[in-house]
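Reading the structure
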Amino acid sequence: FEGIGKSIDIRQLDEVTIEANPEDITTQALERYAELGINRVSIGIQSFDVRELESISRRHDAADSITALDVLNKSGLNYSADLIYGLPGQTLVDWEANLIRLLEFQPPHFSAYLLSYEPGTKLYARLMAGKIHETDESEALDMYGTLCRMARDAGYRHYEVSNFALPGKEARHNSA
């Protein structure tokens, strides 16, 4: 790997993470990552609900996410899965269903982020046009509380605002 002004052998690093979408996770891809010295994958699940995924224009569906998580679990590779809460139209019950589904896979690590609307994006334009509505603060807090409780009850350590890990599986880049 060529860094700024010097060459780095990433195999000498404790943790090298690549971000991937569910539809990109295959046994062959994971083998190639390992050959390159990548020892951790961060997979952007975001949601297991097709309606929620469509609301944020994601290419994958729940089946892609389930397949990817199965492949990752069988590979033995360290990984993290990302979810988003506060998606357009998402309820607390919907959020709980997403958490239940993810926790069934017992990922070594997962992150959960409240949806943010960034100026210049299609999602922001839809919000400004009144086509979608931002989750109100009270419901977002309930979703976060549910996240923390369910993660704790499943044996995860809440070590950073949005990050949860099984013991010893904390992401090094989140642990400064």
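Cut-offs used in this document
Residues numbered from 1 in each chain as written. Predicted model: local features only at pLDDT ≥ 70, side-chain atom pairs only at ≥ 80, totals over all residues. Heavy atoms only, no water. Pairing = 2+ DSSP bridges. Helix = DSSP H or I, 4+ residues; strand = E, 2+ residues; numbered from the N terminus. Axes fitted to C-alpha atoms, helices over the stretch in contact; angles between N-to-C directions. Contact = heavy atoms within 4.5 Å. Buried < 20%, exposed > 50% of the residue type's maximum accessible area, 1.4 Å probe, protein only. Right-handed = clockwise from strand over helix to strand, strands pointing away. Core = buried A, V, L, I, M, F, W, Y, C linked by side-chain atoms within 4.5 Å. Parallel < 35°, antiparallel > 145°, perpendicular 65-115°, else oblique. Left-handed = near helix turned anticlockwise from the far one by under 90°.

**A short note on the sheet that holds strand 5 (residues 157-160)**
Each strand in a sheet pairs with another by means of backbone hydrogen bonds, the pair being arranged parallel or else antiparallel. Taken together, 6 strands build an open sheet; the order of strands is 1-2-3-4-6-5 and the sheet is mixed. Looking at which strands have only one partner, the edges of the open sheet turn out to be strand 1 (17-20) and strand 5. Pairs of neighbouring strands in the sheet enclose a mean axial angle of 25°, with direction left out of account. Lying on the sheet, helix 3 (residues 62-75) is in contact with strand 2 (40-46) and strand 3 (78-85); it crosses strand 2 at an angle near 160°. Most of the contacts of helix 4 (residues 92-103) go to strand 3, to which it runs at about 170°, and overall it touches strand 3 and strand 4 (109-114).

**Side note on the environment of Glu 31**
Along the chain, Glu 31 turns up in helix 1 (residues 27-36). For Glu 31, a relative accessible area of 46% gives the class partly exposed. Spatially, the C-alpha atom of Glu 31 lies 9.7 Å from that of Leu 77, the residues being 46 residues apart in sequence.

**What about the pairing of strand 2?**
With 7 of 7 residues buried, strand 2 lies mostly within the body of the structure. Judged by which residues are buried, strand 2 turns out to be covered on both faces: Arg 40, Ser 42, Gly 44 and Gln 46 on one side and Val 41, Ile 43 and Ile 45 on the other are all buried. Following the chain from strand 1 across helix 1 to the adjacent parallel strand 2, one finds a crossover that is right-handed. Looking at chain direction, strand 2 and strand 3 are connected through 6 bridges and run parallel.

**Observations concerning unusual backbone geometry**
A positive phi angle, close to 55°, is found at Ser 57, a residue other than glycine. In this structure, Ser 57 sits in the loop between helix 2 (50-55) and helix 3. A residue is classified by how much of its surface remains accessible, and Ser 57, at 59% relative accessible area, is exposed. The backbone of Gln 106 sits at a positive phi, close to 50°, despite the residue not being glycine. Along the polypeptide, Gln 106 turns up in the loop between helix 4 and strand 4.

**With respect to the nonpolar core**
Among the nonpolar cores identified, the biggest contains 35 residues, and Ile 25, Val 41 and Phe 110 are the most heavily contacted of them. Every element with two or more residues in this core is listed here: helix 1, strand 2, helix 3, strand 3, helix 4, strand 4 and helix 6 (137-153). Apart from the residues lying within four places of it in its own chain, the contact partners of Ile 25 are Ala 20, Leu 30, Val 41, Ile 43, Ala 68, Val 71 and Leu 72. Ranked by size, the runner-up nonpolar core spans 8 residues in total, among them Tyr 117, Leu 123, Leu 127 and Ile 132.

**Considerations on the packing of helix 4 against helix 6**
The interhelical angle for the contact between helix 4 and helix 6, taken along N-to-C directions, is 25°, at an axis separation of 10 Å. The orientation of helix 4 relative to helix 6 falls into the category roughly parallel. Crossing angle aside, the handedness with which helix 4 passes helix 6 is right-handed. Listed contacts from helix 6 to Leu 92, Trp 95, Glu 96, Leu 99, Ile 100 and Leu 103 of helix 4 are Glu 139, Asp 142, Met 143, Thr 146, Leu 147, Arg 149 and Met 150.

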